[in-house]
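Below, each chain spelled out in residue letters.
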Amino acid sequence: MSRIASTFERLQQQGRKALIPYLMTGFPQANSTVPLMQAAVDAGVDLIELGVPFSDPMADGAVVQAAGERAIANGVGLAEVLAAVRTFRQANDATPVVLMGYANSVESYNLQHGADAFVRDAAQAGVDGVLVVDYPPEESAEFAAALRKNGLDQIFLLAPTSTDERIQQVAQLASGYVYYVSLKGVTGSSALDTTAVADMLARIRQHVRIPVGVGFGIRDAASARAVAEHGDAVVIGSKLLQLLEAGEAENKDAQVPAPFVQFLREIRAALDA
C-alpha cells in the first residue's frame, strides 16, 4: 500500500481529516524547503504538496505566481525539487509528498535526462504522487501507467465546472486522492461557498472511490473546518506563502517563521475539534 493510501486509511480509522500544506519549492529561499517541510510535519500535517516553480502557470493566483518567480530567481527547478525530497526522506520516510506543477517542467526534464526520466527519478527521490495541472485525463493514460509502474499516484483536479463525463474520466485514472478546486478562479481566491462544495463533492463521490481533498480559498480555521465537514482533506497554499513572506520580512534569519507553524497548528486543532 502506498504512503498516500495508508495515510488516508489511518486517518479514516481515526475519524480525522488530512491537512495538506502547499509549499513552493525554493521559496522564500533556495534552502528553505526542507526545514519548512519538517516544521509542517511537526505542526501536524499529514501530507505535503510541493510546487514545482514554473514561469507560466495557468491555475496559480498572484501569491503563488510571485512565489514561483522568486523560486526561479533562486535557481530552483525540477532537479532541485527532487533533491529537496531526497533530503527530506533522510529524516522522514512516512509523510507522503506530492509534486504539483505543469507539463512543461516534466517534458523538459525528460528531454534533458531521457524518456520517462522524471517518473524514474521522482520515485527514487521518494515522491509519492504527481499532480500535473495541464495533463488532462484523456491524454494521461501512458503517463498514469508509467507512474503506477513506479509506485506513484497521479492526482487530478476537478472543478465546479467539471461534468459527470469528466469526473468519470478522472475516476478511471486517478489514484491517491482527487483534488477538488472549490471555486471558479485561481489559487488564493476568497469566495468560498461551502454549500456548493458539499453539493459538488456528493456528485464527485458518485464516481470517485478514493479520497477527495479540497483546496483554493481556504484561509483560516473556520473555512478549513467547514470544508472538512464534507471533504477528506483540506489543502492550504496561498495563506501559508503569505505568512512565509511576512515572516521573512520581519526576521530574515528565521528559516521557519513562528506564524507559519502557529497557523498550521491552529488548522490542525480546528480539524480535530
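Just so you know, these numbers come straight off a predicted model, no measurement behind them.

**Q** Any details on the overall build of the chain? Residues and values, ideally.
**A** Each helix and strand counted, the chain has 12 helices and 9 strands in total. Overall size of the chain, expressed as C-alpha extent along the three principal axes, is 50 × 45 × 35 Å. For the chain, buried positions account for 54% of its 273 residues. By sequence separation, contacts in the chain at least 24 residues apart represent 73% of the contacts at least 6 residues apart. Accessible area for the chain stands at about 11,600 Å²; split by element, carbon and sulfur atoms hold 46% of it.

**Q** Just give me the short version of the packing of aromatic side chains, but keep the residues and values in it.
**A** Considering all chains together, one arrives at 5 aromatic pairs under this definition. Arranged with centres 5.0 Å apart and planes meeting at 70 degrees, the rings of Y135 and F143 form a pair that is edge-to-face. A relative accessible area of 13% places Y135 in the buried class. Classification of F143 by relative accessible area gives buried; the value is 12%.

**Q** An account of the pattern of salt bridges is needed here, citing residue identities and associated values.
**A** Throughout the structure, instances matching the rule amount to 10 salt bridges. With a shortest N-O distance of 2.9 Å, R166 and E138 are connected by a salt bridge. Of this pair, R166 sits in helix α8 (residues 164-173) while E138 sits in the loop between β4 (129-132) and α7 (141-149), placing them 28 residues apart in sequence. Residue classification places R166 among the partly exposed residues on the basis of a relative accessible area of 26%. One salt bridge connects R205 with D232, and the closest N-O pair in it is separated by 2.7 Å. Note that R205 is positioned in the loop between α9 (194-204) and β8 (212-215) and D232 in the loop between α10 (221-228) and β9 (233-236), a separation of 27 residues in sequence. When its relative accessible area of 23% is taken as the criterion, D232 is described as partly exposed. Overlapping salt bridges, with partners in common, bring together R3, R89, D93 and D128 in one network.

**Q** Got a sec to walk through the side chain of D128? Specific residues and values, please.
**A** Here D128 lies in the loop between α6 (117-125) and β4. Among the polar contacts listed, one links the side chain of D128 to the side chain of R3, at a separation of 2.7 Å. There is a polar contact of 2.8 Å between the side chain of D128 and the backbone nitrogen of V97.

**Q** Can you explain helix α3 (residues 62-73)? Please cite residues and give values.
**A** Taking 1.5 Å of rise per residue, 12 residues should cover 16 Å, and α3 covers 16 Å from first to last C-alpha, within 8% of that figure. Within α3, the full set of buried residues consists of V64, A67, G68 and A71. Down the axis of α3, the buried side of the element spans an arc of 100 degrees, and every buried residue falls inside it. Those residues of α3 that are exposed and aimed more than 90 degrees away from the buried face are A62 and A73. Check the buried side of α3 and you find it contacts β1 (18-24) and α11 (238-250). Looking at the residues trailing α3, positive phi occurs at G75, about 85 degrees.

**Q** A description of α10 should follow, citing residues and the corresponding values.
**A** Given 3.6 residues to a turn, an α-helix orients residues that are three or four positions apart in the same direction. When α10 is considered as a whole, its buried residues turn out to be S223, A224, V227 and A228. Along the axis of α10, the buried positions cluster into a sector of 135 degrees, meaning they face one direction only.

**Q** Residue-level account of the environment of D46, with values.
**A** Counting through the fold element by element, D46 comes out in the loop between α2 (33-42) and β2 (48-51). Judged by relative accessible area, which is 7%, D46 ranks as buried. Each C-alpha atom of the pair D46 and L11 lies 8.9 Å from the other, and the pair is 35 residues apart in sequence. With sequence-adjacent residues up to four places away left out, D46 is seen in contact with T7, R10, L11, K17, A18, L19, T95, P96 and R268.

**Q** Let's hear about the nonpolar core: which residues, and what values?
**A** Counting residues in each nonpolar core, the largest one holds 94 residues, and the members touching the most others are L99, F118, F143, Y180, I204 and F260. Setting aside residues up to four positions removed in sequence, L99 forms contacts with L50, V52, L78, V81, L82, V85, F118, V127, G129, V130 and L131.

What counts and what doesn't
Throughout, residues of each chain are indexed from 1 in the direction in which the sequence is written. Under the rules for a predicted model, residues below a pLDDT of 70 receive no local features and side-chain atom pairs below 80 are neither given nor counted, while totals for whole chains, interfaces and linings still include all residues. Heavy atoms throughout the structure, all of them, feed into the side-chain values; hydrogens and water do not. Only DSSP runs of H or I reaching four residues or more are called helices, and only runs of E reaching two or more are called strands; each is numbered from the N terminus. Burial classes follow relative accessibility: with a 1.4 Å probe on protein chains only, a residue under 20% of its type's maximum area counts as buried, one over 50% as exposed, and anything between as partly exposed. Whether two residues touch is decided by their heavy atoms; if any such pair falls within 4.5 Å, the residues are in contact. Using a 1.4 Å probe, accessible areas were evaluated by the Shrake-Rupley method; residue-level cover was limited to the displayed protein chains. Ring pairs shown here join Phe, Tyr and Trp side chains whose ring centres sit within 6.5 Å, with only the six-membered ring taken for Trp; geometry is labelled stacked below 30 degrees between planes, edge-to-face above 60, and tilted in between. By salt bridge we mean one thing: a side-chain nitrogen of Lys or Arg within 4 Å of a carboxyl oxygen of Asp or Glu. We define a polar contact as two N or O atoms separated by no more than 3.5 Å, with the added condition that, inside protein, one atom must be a possible hydrogen donor and the other a possible acceptor, whereas residues neighbouring each other in sequence contribute only through side-chain atom pairs. For a helix, the expected span equals 1.5 Å multiplied by the residue count minus one. The directions from the helix axis to the C-beta atoms are what the arc is built from. Take the buried Ala, Val, Leu, Ile, Met, Phe, Trp, Tyr and Cys residues and link them wherever side-chain atoms come within 4.5 Å; each set so joined is a nonpolar core.

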